[in-house]
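Residues per chain, in single letters:
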Amino acid sequence: MTHPSARRLSSLTAGLIGLTCLSTLVPSQADDRLGPINITAAREAPAIAPAMPETVITREEIERSQAQSITDLLAGRAGLIVSNEGGPGKLSSVSIWGQSANRTAVFLDGVRIGSVSAGQSYLEHIPLEQIEQIEIVRGPRSGQWGADAGGGVIQIFTREGTEDGVHLSGGIGAGSRGQREADAHIGGRQGAFDYSLGVAHEETDGFDACENSGPFTPPCYGDEPDDDGYERDSLQLQAGYRFGEGGHVRAHVLAASAEVEYDGPTNNSEIEQRTIGLSASTGRIGFWQLRTQAGRHIDDQDYFRDQRFDSRFDTQRDTLSLANDFFLGSSTTLTVGADQTYDKLSSTTDYVEDGRRNQGLFAQLNTRLGERLDIQGALRRDFNEQFGTANTGSLDLAYRLDEAWTLSAGHGTSFNVPSFNLLYYPPYCIAPGLCFATANPDLEPERTRTSRIGVAWNRGQWGIETTAFRSSADDLIASPPPTYVPENITEATIRGAELVARWSNDTWSAHASLTYLSTENEATGEPLPKQPRWSGRLAVDRQLGAFSLGSTLRGQSGSETDNTGYVVADLRGSYRLAPDWRIEARIDNVFDRDYQIVDGFHQAPRGVFVSLRYGR
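Residues numbered from 1 in each chain as written. Predicted model: local features only at pLDDT ≥ 70, side-chain atom pairs only at ≥ 80, totals over all residues. Heavy atoms only, no water.

### Some details on the overall build of the protein
Definition in use: Helix and strand labels come from DSSP, where a helix needs a run of H or I of at least four residues and a strand needs a run of E of at least two; each type is numbered from the N terminus. When we talk radius of gyration, it's over C-alpha atoms, and the globule rule is simply 2.2 Å times the number of residues to the 0.38. In this scheme, a residue with accessible area under 20% of its type's maximum is buried, one over 50% is exposed, and one in between is partly exposed, where area comes from a 1.4 Å probe on protein chains only. Residue contacts are counted whenever heavy atoms from the two residues lie within 4.5 Å of one another. All accessible-area figures derive from a Shrake-Rupley calculation using a 1.4 Å probe, and residue coverage is judged against the displayed protein chains alone.
Assigned secondary structure in the protein consists of 5 helices and 33 strands. Relative to its length of 616 residues, the protein is compact, with a C-alpha radius of gyration of 24 Å against a globular reference of 25 Å. Across its three principal axes, the protein shows a C-alpha extent of roughly 70 × 70 × 40 Å. For the protein, the residues scored as buried account for 51% of the 616 residues in total. If you take every contact in the protein between residues at least 6 apart in sequence, the share linking residues at least 24 apart comes to 61%. If you sum the accessible surface of the protein, you get close to 26700 Å²; carbon and sulfur atoms cover 57% of it.

### Considerations on the packing of aromatic side chains
This is how it is decided: In this scheme Phe, Tyr and Trp rings, the latter by its six-membered ring, pair at centre separations within 6.5 Å, and the angle between planes marks the pair as stacked below 30 degrees, edge-to-face above 60, and tilted otherwise. Placement of a positive charge over a ring is assigned whenever Lys NZ or Arg CZ falls within 6 Å of the ring centre and within 35 degrees of the normal to the ring plane.
Taken as a whole and assessed by the stated rule, the structure comprises 15 aromatic pairs. Aromatic side chains Tyr 351 and Tyr 425 sit 6.3 Å apart centroid to centroid with 75 degrees between the ring planes, which places their arrangement in the edge-to-face category. Of this pair, Tyr 351 sits in the loop between strand S16 (332-347) and strand S17 (355-369) while Tyr 425 is found in the loop between helix H5 (420-424) and strand S21 (428-431), placing the two residues 74 residues apart along the sequence. For Tyr 351, a relative accessible area of 8% translates into the label buried. The class for Tyr 425 is partly exposed, based on a relative accessible area of 26%. Between Phe 420 and Tyr 424, the ring centres sit 6.4 Å apart and the planes meet at 35 degrees, which makes this aromatic pair tilted. Taken together, the residues Phe 420 and Tyr 424, both in helix H5 and 4 residues apart, mark about one turn of the helix. Comparing Phe 420 with Tyr 424 shows no difference in burial state: the two are buried. If you follow Arg 43 out to its NZ or CZ, it ends over the ring of Phe 362, 4.2 Å from the centre. Sitting over the face of the ring of Phe 327, Arg 284 holds its NZ or CZ atom 4.0 Å from the ring centroid.

### Observations concerning the pattern of salt bridges
The line we're drawing: Each reported salt bridge corresponds to a side-chain nitrogen of Lys or Arg within 4 Å of a carboxyl oxygen of Asp or Glu.
Following the criterion strictly, the structure yields 36 salt bridges and no others. With a closest N to O distance of 2.7 Å, Asp 339 and Arg 380 form a salt bridge. Of the two residues, Asp 339 sits in strand S16 while Arg 380 sits in strand S18 (residues 373-384), which places them 41 residues apart along the sequence. The exposure class of Arg 380 is buried, given its relative accessible area of 3%. The residue Asp 382 makes a salt bridge to Arg 380 at a minimum N-O spacing of 2.8 Å. Judged on exposure class, the residue Asp 382 and its partner Arg 380 are both buried. Through salt bridges with shared partners, a single network forms among Arg 43, Asp 339, Arg 380 and Asp 382.

### So, the environment of Tyr 351
Put simply, the rule reads: We call two N or O atoms a polar contact when they sit within 3.5 Å, provided that within protein one can donate a hydrogen and the other can accept it, with sequence-adjacent residues counted only if both atoms are side-chain atoms.
Sequence separation between Tyr 351 and Asn 421 is 70 residues, and the spatial gap between their C-alpha atoms is 8.5 Å. If we skip the residues at most four places from it in the chain, Tyr 351 touches Ser 117, Phe 313, Leu 345, Phe 420, Asn 421, Tyr 424 and Tyr 425. At 2.5 Å, the side chain of Tyr 351 forms a polar contact with the side chain of Asn 421.

### Topic: the sheet that holds strand S4 (residues 104-108)
The condition that has to hold: Between any two strands, pairing holds if DSSP finds at least two bridges.
If you trace the 5 strands from one edge of the open sheet to the other, you get S1-S6-S7-S4-S5, paired in mixed fashion. Lying at the two open borders of the sheet, with one neighbouring strand each, are strand S1 (54-58) and strand S5 (111-112). Relative to strand S7 (residues 152-158), strand S6 (residues 131-138) runs antiparallel, the two being bridged by 7 bridges. Directly across from Ile 134, in S7, lies its bridge partner Ile 156.

### With respect to the confidence of the model for the protein
Put simply, the rule reads: For every residue, the predictor reports its confidence as pLDDT, a number between 0 and 100.
Residues with a pLDDT of 70 or more make up 90% of the protein, whose mean pLDDT is 88. Long-range and interchain partners of residues 1-36, a stretch whose pLDDT sits below 50, account for 51 contacts in this model, where long-range means more than four residues apart. A low-confidence stretch, residues 213-217 (pLDDT under 50), is modelled with 6 contacts involving residues beyond four sequence positions or located in other chains.

### Quick notes on the pairing of S16
By the bridge criterion, 15 bridges tie strand S15 (residues 308-327) to S16 in an arrangement that is antiparallel. When the sheet's bridge partners are listed, Thr 315 is paired in S16 with Leu 345. As consecutive antiparallel partners, S15 and S16 are separated by 4 residues, and within that stretch Gly 329 has a phi angle of approximately 105 degrees, a positive value. Pairing of S16 with S17, which is carried by 13 bridges, proceeds in the antiparallel orientation.

### Here's the deal with a negative patch on the surface
Heads up, the condition is: What makes a patch is a set of residues exposed beyond 30% relative accessible area and free of salt bridges, joined within 9 Å when like-charged and within 5 Å when nonpolar (Val, Leu, Ile, Met, Phe, Trp, Tyr). His is not counted here, nor are the chain ends, while Lys and Arg score as positive and Asp and Glu score as negative. The atom standing in for a charge is NZ when the residue is Lys, CZ when it is Arg, CG when it is Asp and CD when it is Glu.
Taken together, Asp 226, Asp 227, Glu 231, Asp 233, Glu 259, Glu 261 and Glu 270 make up a surface patch of like negative charges. Of all the secondary structure elements, the ones that give two or more residues to the negative patch are strand S11 (228-243) and strand S12 (247-261). One can find Asp 226 in the loop between strand S10 (193-207) and S11.

### A short note on the nonpolar core
When a protein is soluble and globular, its nonpolar side chains tend to lie buried together. What counts, and what does not: We call a set of buried residues a nonpolar core when its members are Ala, Val, Leu, Ile, Met, Phe, Trp, Tyr or Cys and they connect through side-chain atoms within 4.5 Å of each other.
Counting residues in each nonpolar core, the largest one holds 33 residues, and the members touching the most others are Leu 74, Leu 123, Ile 126, Ile 134, Ile 154 and Ile 156. For this core, the secondary structure elements donating two or more residues are helix H3 (70-74), strand S2 (80-84), strand S3 (92-96), S4, S6, S7, strand S24 (462-478) and strand S25 (487-504). Setting aside chain neighbours within four positions, we find Ile 134 in contact with Thr 55, Val 56, Ile 57, Leu 73, Ile 154, Gln 155 and Ile 156.

### Focus: unusual backbone geometry
Non-glycine residue Gln 307 carries a positive phi angle of around 70 degrees. By the element assignment, Gln 307 lies in the loop between strand S14 (288-305) and S15. Judged by its relative accessible area of 63%, Gln 307 falls in the exposed class.

### Digging into the side chain of Arg 138
Considering the arrangement of structural elements, one finds Arg 138 in strand S6. Within the structure, Arg 138 has its side chain in polar contact with the backbone oxygen of Ala 78 (distance 3.3 Å). When residues no more than four places from it in sequence are discounted, the contact partners of Arg 138 are Pro 53, Glu 54, Thr 55, Ala 78, Gly 79, Leu 80, Ile 96, Trp 97, Gly 151, Gly 152 and Glu 498.

What follows is the structure in structure tokens.
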């Protein structure tokens, strides 16, 4: 008897082959119809992806926003929920479309990053000064990027040397709560060779973020009020060589070293994060090209209690991928490949298992049918040595009604295995005989199915996009009160919609996003934790000769257990002293709102920051 998953895999494979054959009969179409290629949406294949719910944040927008961190930059964006436990350097996470952070796949220059023990990525230690672009694709991308990309993908690209010659940039700044920053960057291109080198330093005295009501009340555990500081040094290096027909060899490194103070059973930590990658492509040889990438992400964390060593968690993730692109006609690209991820954990805490390997086979087809319809189909089969095999995939369509209107739809599946912490972390004891279970070795992998439908209108200075989505999850992992022990929820449902609008002219630009979520644990009828019903962001900027002014309004609704809800306004401005020199200033939390994103952790009060910057 044929297994149902094998039958589904065979049927979808046959469908992809049929689309391939049909698309080779379609005349050539202009490849610039939908604008520049989104690398993440097409899994770095040289192909146009159909219109998807996506956000691209360029270096220009990063600089204009004057954001302090990646989480500040992402907060309130369409479909995204950002959490933070008390200011710069504190534990942060990003979830997409109501799904938890461990179902958001995060990549740095194509290398999968994240903590092996926690099962999610720590974005708070990645310096914005060394980032060129951030691409976000919302909705399941498991067929392209891995079975666990059920909520979506965030890919962060570090800076490259993009212009001929040698180019310098950098800045220094200071502000409230003892905040000091400095960074410098040199990059350029000499013929086929390009390079980029950057260093950055940040430190702040912080503020007292934690609030408790008793000597053993999480998360403060009786600590006296104190300011919790943060300090980080980082280094970024990238070098590449390009040759004919799209071929290249590229190496990149991003390393960050941080010291974090906080309130809790331990109260400070030392963190080392390093991401190292090497990628290469043969370039197009006839109707084929080969791409390969190898990478390693290291996340080492040492925890201390009043400067006395307490525990260590060192994790390492090695990745290797190989992809073949076949150009099957003027508007069709078929990508077939394999990848492998090996996760390794070393800790003073005794885990039952400390390593596992996942191997995957994937196929992706991008094609255009006729003048108006773009299609992407993807299939993946994973072999996880701990949880067995799983088939995932997605199908995305975009139909252009005319020059302004585009309809889109998609469906995809995902498969997410529980992290080592969820499975094996030992009970935590806050006093002799007072211990709490924090893990469940009987957890099963999560499986989700997501469907979406959307419409976009773009005309000149205006653009509006809206998407509605629905996800059904089996064995969703949650940690419900009062025990907070992780368990599999039999079934959960997530419904939502998002709206994105933009407008700009020669001197003004405005961008707004709004997200609605309705989540439900079908067994209890309760909403899922840490998923507010409403969230949004509005950014407005104006250029006045050498001056520029801007403001961002961001916020989300509250819930009884997770946060207080908030709306916060930030102001910013800059003055260009000379073509390469400018002064920047910002006021965060202008109205000095006292609010919490995660229950028990206050966010920063009003603060002022001023900097002097040179170059791009």
